[in-house]
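Here is what each chain is made of, one letter per residue.
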Amino acid sequence: MKHLRPFDLAREHGISTQAVRNYERDGFLPLAQRTPSGYRTYTETHAAALRAYLALVQAYGYATGGEIMRSLNTGDLDAALTAVDRGHAQLLRDRSTLDAVGRAVEHLTSAPGLAEHTSAGSEPLSIGELARRLGVTAATLRNWEAVGILSPAREPVTGHRSFDATDVRDAELTHLLRRGGYPLEHIRTVVRQIRTAGGTEALSAALDDWRRRLTARGVSMLGAAAQLGGYMAHVGVPAGPPATTEPAPAPGPPPTV
């Protein structure tokens, strides 16, 4: 068996030998053997563990990457796989949200005349005035506020809601998207993204960047899976069901009713 020093593992990834020791201490690597004089000695198994951990960090982040490696190193394969599954489920949710927001933005950019009603110099509107403008009830506007879509200011003396130009724009966007059948949670995401990006045009560019980052995360997950499988092979964790030479049974006839 080839023995490796902390320096050998660190050099491959451009990290410090102290980082390697810390990863071992935190359970991301198996415990190293010690020489009679107390120096750590690693093996190819440790090198595979380090490759897997760093790939998992890139794909899932430090917390989840560490959770996966600690679970494997303590023999809890189910916990490790559950953490992997959660990461893939989150990526799928993010893709679904991105697609929903993207469709909503396309809906908005194809709607004529929205911007002309929300000039920066317009006077604030009361909740009744805005409700009449949109043709909705004041209760509807209060509901949009309750779910986090609208955030009007309050008059200091009366406490009445005051909707400025940005609030009016958000309300008009919400009204348009509700007519298009979009749920409030998706509308909340769109409105918040528009506030951050500064408009639908900037949001479209932000969504393109968001999609690129999700694609990069998915590719990183594939690479991490390969490294994780390599480490599991080193430590003897089965990567799948036992091989069989018998063909799978053919499906039977449909049941009679």
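In the block above lies the structure referred to throughout.
What you are looking at is a predicted structure, and each value in this text was computed from that prediction instead of being measured.

### So, the overall build of the protein
Then step 1. When helices and strands are tallied, the protein shows ten helices and four strands.
Then step 2. Starting at the N terminus and walking to the C terminus, you meet the elements of the protein as α-α-β-β-α-α-α-α-α-β-β-α-α-α.
Then step 3. For the protein, buried positions account for 35% of its 257 residues.
Then step 4. Once local pairs closer than 6 in sequence are excluded, the contacts in the protein between residues at least 24 apart make up 62%.

### Section: the environment of Ala 48
Then step 1. Looking at where Ala 48 falls in the secondary structure, it is placed in helix H3 (residues 44-60).
Then step 2. In this structure Ala 48 comes out as buried when scored by relative accessible area, which is 5%.
Then step 3. Taking C-alpha positions, Ala 48 is 7.5 Å from His 234, a pair spaced 186 residues apart along the chain.
Then step 4. Once residues lying within four places of it in the same chain are set aside, the contact partners of Ala 48 are Tyr 231 and His 234.

### Some words on the pattern of salt bridges
Two side chains carrying opposite charge are able to pair once their charged atoms lie near each other.
Then step 1. A complete count under the given rule lists 15 salt bridges for this structure.
Then step 2. Residue Asp 26 pairs with Arg 25 through a salt bridge whose shortest N-O separation is 3.0 Å.
Then step 3. Given a relative accessible area of 30%, Asp 26 falls into the partly exposed group.
Then step 4. In this structure, Asp 170 and Arg 169 form a salt bridge, with 2.9 Å as the shortest nitrogen-oxygen distance.
Then step 5. One continuous salt-bridge network, built from bridges that share partners, spans Arg 5, Asp 8 and Arg 11.

### Here we look at the nonpolar core
Then step 1. Counting 61 residues, the largest nonpolar core has Tyr 60, Ile 68, Met 69, Leu 130, Leu 141, Trp 144 and Leu 228 as the members making the most contacts within it.
Then step 2. With eleven residues, H3 is the largest single contributor of residues to this core.

### Here we look at the packing of aromatic side chains
Then step 1. Within the structure shown, the criterion is met by three aromatic pairs.
Then step 2. Ring centres 4.4 Å apart and planes at 15 degrees place the aromatic pair Phe 28 and Tyr 53 in the stacked group. Taken together, the residues Phe 28 in the loop between helix H2 (17-25) and strand S1 (33-34) and Tyr 53 in helix H3 connect sequence positions 25 residues apart. Note on accessibility: Phe 28 and Tyr 53 belong to one class, buried.
Then step 3. Counting every residue linked through ring pairs, the aromatic cluster contains Tyr 23, Phe 28 and Tyr 53.

### Things to note about helix H6 (residues 127-134)
Then step 1. Among the residues of H6, Ile 127, Leu 130, Ala 131 and Leu 134 are the ones counted as buried. Projected onto a plane normal to the axis of H6, the buried residues spread over an arc of 100 degrees and lie on a single side.
Then step 2. On the buried face of H6, the contacting elements are helix H7 (138-146), strand S4 (161-162) and helix H8 (165-179).
Then step 3. A positive backbone phi angle near 75 degrees is found at Gly 135, which sits one or two residues after H6.

### What to know about the environment of Val 105
Then step 1. Mapped onto the fold, Val 105 is located in helix H5 (residues 77-109).
Then step 2. Considered as a pair, Val 105 and Ser 204 are 99 residues apart in the sequence and their alpha carbons are 7.2 Å apart.

### Focus: the packing of helix H1 (residues 6-13) against H3
Then step 1. Taken N-terminus to C-terminus, the directions of H1 and H3 make an angle of 35 degrees; their axes are 10 Å apart at the nearest point. Crossing hand, H1 versus H3: right-handed. Here H1 contributes Leu 9, Glu 12 and His 13 to the contact with H3, which in turn contributes His 46, Ala 47, Leu 50, Arg 51 and Leu 54.

Rules behind the numbers
Residues numbered from 1 in each chain as written. Predicted model: local features only at pLDDT ≥ 70, side-chain atom pairs only at ≥ 80, totals over all residues. Heavy atoms only, no water. Helix = DSSP H or I, 4+ residues; strand = E, 2+ residues; numbered from the N terminus. Buried < 20%, exposed > 50% of the residue type's maximum accessible area, 1.4 Å probe, protein only. Contact = heavy atoms within 4.5 Å. Salt bridge = Lys/Arg side-chain N within 4 Å of Asp/Glu carboxyl O. Core = buried A, V, L, I, M, F, W, Y, C linked by side-chain atoms within 4.5 Å. Phe/Tyr/Trp six-rings, centres within 6.5 Å; stacked < 30°, edge-to-face > 60°. Arc of directions from axis to C-beta. Axes fitted to C-alpha atoms, helices over the stretch in contact; angles between N-to-C directions. Left-handed = near helix turned anticlockwise from the far one by under 90°.

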